[in-house]
Amino acid sequence: MFGFKRRRRERLRAEPVPATWAAIVARNVPYAARLTPAARAALDGLMQVFLAEKRFEGCDGLEISDEIRVTIAAQACMLLLGRPKADIYPTFQTILVYPQAYVAAQETRRPDGTVSNVPQARLGEAWARGPVVLSWDDVLGGAADIGDGHNVVLHEFAHQLDNEATGPGDGAPALPQRSLYVAWARVLSEEYAQLLDDVAHHRPTVLDGYGATNPAEFFAVATECFFEKPLALQRRHPELYAQLQVFYQQDPVAAVIDPHATTTHQTD
């Protein structure tokens, strides 16, 4: 990172967040209450940088407010708390926010090889080297229930982390060390295959069945579950939980069992 950019970010991180921002986080992002004081201070600093560098645009008449910006920023920055050396979503600058679920064209290939665009309702999407798109209603709903395993901000920003590694996401984000990819590939491929089989046979799973769409969606769904249903994920999928813990350098189980425990850790 260039020296000027680094110094600018250091100044932003050191600035206290406005009281109105803290009130928005307390009201709209209950997960933040699980953080230690040190982690919460780190989150505030990340939010300062995120909000200074990212541009928000309202769609379908939605007027962007501090409530929208801060609520989204707090959740997006949760994913970075245990990774202090990581950049802050460097591959995109714009977040498009719709008031509610929106309709977008989904490219579909027919058996005869022809391609058509089919309208599809969406809660969010993330484009490689492009914007993140979110439904504000679903941002609020996903943040409010921190135990249902569904959070559109965590999902779409997990896609952005995935995109940073090799371009269009493939479920293999940039890990702290190259040597970790062998275990990551083995565990996530096995877990993805298991989810495919569970969905095909209509078995109940802790992971949302949408994760069976492709490896990129599996990683995003697993991220939602890691933060919102950590006890169940660790109990039923201990190896998957451990791999996500290595990547995010956080331990959400500790935060659930003891909200005052350290929720982030570093590996050598």
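Our structure's up above, just so we're on the same page.
Residues numbered from 1 in each chain as written. Predicted model: local features only at pLDDT ≥ 70, side-chain atom pairs only at ≥ 80, totals over all residues. Heavy atoms only, no water.

K.L.:
Could you give an account of the environment of Ala-32, naming the residues involved and the relevant values?
P.N.:
Mapped onto the elements, Ala-32 comes out in the loop between helix H2 (19-28) and helix H3 (37-53). Placed 11 residues apart in sequence, Ala-32 and Leu-43 show a C-alpha to C-alpha distance of 8.7 Å. (Helix = DSSP H or I, 4+ residues; strand = E, 2+ residues; numbered from the N terminus.)

K.L.:
How would you sum up the sheet that holds strand S5 (residues 124-126)? Please name residues and give values.
P.N.:
Pairing is mixed in the open sheet, where 4 strands are placed in the order S1-S2-S6-S5. With partners counted over all chains shown, the strands left at the sheet margins are strand S1 (55-58) and S5, one partner each. If you compare each strand with its neighbour and ignore which way they point, the axes differ by 20° on average. Note that S1 and strand S2 (residues 94-98) share 4 bridges and pair parallel. (Pairing = 2+ DSSP bridges. Axes fitted to C-alpha atoms, helices over the stretch in contact; angles between N-to-C directions.)

K.L.:
Can you break down the packing of H2 against H3 residue by residue, with the values?
P.N.:
The N-to-C vectors of H2 and H3 enclose an angle of 110°; their axes lie 12 Å apart at closest approach. In terms of orientation, H2 lies roughly perpendicular with respect to H3. In the packing of H2 onto H3, the handedness of the crossing is right-handed. Of H3, the residues touching H2 (which contributes Trp-21, Ala-22 and Val-25) are Arg-40, Met-47, Gln-48 and Leu-51. Tallied by class, residues from the contact of H2 with H3 come to 5 nonpolar, 1 polar and 1 charged. (Parallel < 35°, antiparallel > 145°, perpendicular 65-115°, else oblique. Left-handed = near helix turned anticlockwise from the far one by under 90°. Contact = heavy atoms within 4.5 Å. Nonpolar A, V, L, I, M, F, W, Y, C, P; charged D, E, K, R; others polar.)

K.L.:
Help me get a handle on the packing of helix H7 (residues 181-200) against helix H8 (residues 215-228), residues and values and all.
P.N.:
H8 packs onto H7 with a crossing angle of 95° between their chain directions and a minimal axis gap of 11 Å. Comparing their axes, H8 and H7 come out roughly perpendicular. Residue-level inspection shows Trp-184, Leu-188, Glu-191, Tyr-192 and Leu-195 of H7 in contact with H8, the latter providing Pro-215, Phe-218 and Phe-219. Here the residues of the contact of H7 with H8 sort into 7 nonpolar, no polar and 1 charged.

K.L.:
Which residues make up the nonpolar core, and what are the values?
P.N.:
In this structure, Phe-50, Tyr-89, Phe-157, Leu-207 and Tyr-248 are the most contacted members of the largest nonpolar core, which totals 70 residues. Residues contacting Phe-157, with those up to four places away along its chain left out, are Phe-50, Ile-72, Ala-76, Leu-79, Tyr-89, Phe-92, Ile-95, Val-132 and Leu-134. Residues Cys-59, Leu-96, Tyr-102 and Ala-104 belong to the second largest nonpolar core, which totals 5 residues. (Core = buried A, V, L, I, M, F, W, Y, C linked by side-chain atoms within 4.5 Å. Buried < 20%, exposed > 50% of the residue type's maximum accessible area, 1.4 Å probe, protein only.)

K.L.:
I'd like a rundown of H8, residues and numbers included.
P.N.:
Taking 1.5 Å as the rise per residue, H8 with 14 residues should run 20 Å; its terminal C-alpha atoms sit 20 Å apart, in good agreement. When you tally the buried positions in H8, you get 13 out of 14 residues, the bulk of the element. Measuring from the backbone nitrogen of Ala-216 back to the side-chain oxygen at the start of H8 gives 3.1 Å, which picks out Asn-214 as the cap. (Expected span 1.5 Å × (residues − 1). Polar contact = N/O pair within 3.5 Å; in protein donor to acceptor, adjacent residues only side chain to side chain.)

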